[in-house]
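# Fold and contact review
Listed here are the chains, written in short residue letters.
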Amino acid sequence: MKKVNPFKEERAVKVDGTYKSLKELSLKPYNKDTASPYTKVRAILMNGTEFESNWFLHQFSRHCNNNDLRREVAAVRRHEQQQQKMISSLKPIDESNLETTISYEQLAVDLTAILAKHVKDENVKNALNFALLEDFDHLYRYANLLESEQGRSAKDITGKYTEIMPGRPTIAEHRHPYDSINKFVCNLSADLFTKLTTNIITAAEQQTMNYYMNVGNLHPTEEGRKLYSEIAMIEEQHVSEYGSLLDTNCTWLEGWVMHEYTECYLYYSCFEDESDSEIKKLYERFYLEECGHLQKAAQLLEKYEGKTWQCLFPCGGDFPELLKFGENINYIREVLERTVCLTKKEECYETVGKLGEKSNYKKYNNQVCKNGKDEPAHCVIEDHIKKFGDDYRYQVSEHPIAELRDRKHDNIEVGRC
């Protein structure tokens with residue numbers, strides 16, 4: 001892999017005077033039937049990355065008392081807003097929110113697995129593997145709803161790269177808020193890929209949570225509205241878990257530099273990985289714009305805090321191994337076999353069977369899921385079974401967990417009792 005350093009990118013686009021016209025904000029969407037599943041996934045990832053950047057910069061401005069600096073933040077944020085509008089316009093009008101949801105969950109599954117396979121920090125790896133099985137289960141629930149309501153097979157959207165079958169059952173995922181906090185990563189000692197991982201996965205999960213919060217009540221059926229509402233609550237837990245990994249000692253300017261570096265890394269990764277030639281050009285263009293943002297943020301870090309970007313990137317700022325999407329079937333099966341019965345106990349992980357009835361997990365789960373048979377994620381599967389005779393799945397071989405192999409009954413005990 002050739003060395004790429006966005007701090008030294010000579011083609012970087014300057015912030016001033018490069019705003020786009022309103023006409024430029026709407027792009028030609030991808031074709032939902034012919035586009036690669038990972039073209040859709042990358043668009044969702046970058047939409048979420050832009051959303052995170054925008055809200056970080058809004059929060060930065062609201063916690064800053066220097067109007068000159070706030071004007072600099074506002075100038076870059078306007079660029080980020082325009083980029084977000086263009087990425088968002090790639091979604092075609094004829095793609096239903098539920099079809100898009102399948103791609104959201106495929107992103108959650110494959111992105112989490114890819115990061116978990118490569119990250120070195122065991123604390124971060126455990127957090128990724130833990131939530132991986134839950135997003136994997138969400139994909140299964142939405143896939144059943146998709147076939148029941150729209151008569152479409154989810155594997156036609158995921159392209160058979162990702163299995164669709166039960167993970168840790170959604171009913172088992174409802175945990176006490178105290179258990180959603182992890183140990184944070186220290187940026188001074190962590191390797192660059194670990195720091196990138198915490199930023200990438202937090203933004204991606206936050207985008208999923210926000211999407212479900214905003215489209216859930218627009219779903220045309222009560223069953224679907226309830227499913228979105230339930231899974232959005234689990235995504236809130238995931239955002240809390242991943243967000244708590246971020247270094248709490250960063251200043252706002254240090255955090256800004258890290259956000260811009262993450263965007264540079266992701267756009268360059270997407271540029272290298274994208275198969276659609278027009279979208280590929282877009283990612284290259286946005287990479288160069290983000291290099292301009294990064295270099296501006298680095299200048300402001302030095303101006304206002306007297307720190308060079310090298311202080312944050314002691315290894316020099318070259319990109320680590322790029323993010324490349326692909327199937328992770330064997331890895332996910334292995335994680336399922338090892339960890340399906342784990343739950344959180346504050347910062348630690350514990351087999352659910354070892355917890356007492358007075359544990360935070362048991363008390364909260366029993367309170368939220370008073371009658372498991374009425375839980376929306378469970379009802380979606382049971383309704384599909386009534387309609388078709390069995391649940392919807394796409395699996396390359398037998399499910400690795402014996403209790404989750406029955407296709408005529410949805411298990412609500414695994415990982416919970």
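Preceding block: the structure.
The rules behind each value
Residues numbered from 1 in each chain as written. Predicted model: local features only at pLDDT ≥ 70, side-chain atom pairs only at ≥ 80, totals over all residues. Heavy atoms only, no water. Phe/Tyr/Trp six-rings, centres within 6.5 Å; stacked < 30°, edge-to-face > 60°. Helix = DSSP H or I, 4+ residues; strand = E, 2+ residues; numbered from the N terminus. Buried < 20%, exposed > 50% of the residue type's maximum accessible area, 1.4 Å probe, protein only. Contact = heavy atoms within 4.5 Å. Axes fitted to C-alpha atoms, helices over the stretch in contact; angles between N-to-C directions. Parallel < 35°, antiparallel > 145°, perpendicular 65-115°, else oblique. Left-handed = near helix turned anticlockwise from the far one by under 90°. Nonpolar A, V, L, I, M, F, W, Y, C, P; charged D, E, K, R; others polar. Core = buried A, V, L, I, M, F, W, Y, C linked by side-chain atoms within 4.5 Å.

## A few points about the packing of aromatic side chains
In total, this model carries 26 aromatic pairs according to the counting rule given. On the basis of an interplanar angle of 45 degrees and a centroid distance of 6.1 Å, the ring pair of Phe51 and Trp55 is categorised as tilted. Within this pair, Phe51 and its partner Trp55 are both found in helix α1 (residues 37–62), separated by four residues, close to a single helical turn. Taking relative accessible area as the criterion, Phe51 reaches 26% and is therefore assigned partly exposed. Note on Tyr268 and Phe319: the rings are 5.8 Å apart at their centroids and 40 degrees apart in plane angle, and the pair reads as tilted. With Tyr268 in helix α8 (residues 252–273) and Phe319 in the loop between α10 (309–312) and α11 (329–339), the pair connects residues that are 51 residues apart, well separated along the chain.

## A word on the environment of Lys117
For Lys117, the position within the fold is in helix α3 (residues 97–118). When the C-alpha positions of Lys117 and His58 are compared, they lie 33 Å apart, and in sequence the two are 59 residues distant. In this structure Lys117 touches Lys125, Glu327, Asn328 and Tyr331, once residues within four positions along its chain are discounted.

## Section: the packing of α8 against helix α9 (residues 277–305)
Orientation of α8 relative to α9, taken along the N-to-C sense of each, is 160 degrees, at an axis distance of 8 Å. Considering their axes alone, α8 and α9 lie roughly antiparallel with respect to each other. The crossing of α8 and α9 is left-handed. Residue composition of the contact of α8 with α9, grouped by class: 19 nonpolar, one polar and eight charged.

## Things to note about the nonpolar core
Counting residues in hydrophobic clusters, the biggest one holds 114 residues, and the most contacted among them are Leu45, Leu111 and Trp256. Per element, the largest residue contribution to this core is 13 residues, and it comes from helix α4 (residues 122–150). Those residues within four positions of Leu45 in sequence are excluded, and the remaining contacts are Leu107, Leu111, Ile200, Ala204, Leu266, Leu323 and Phe325.

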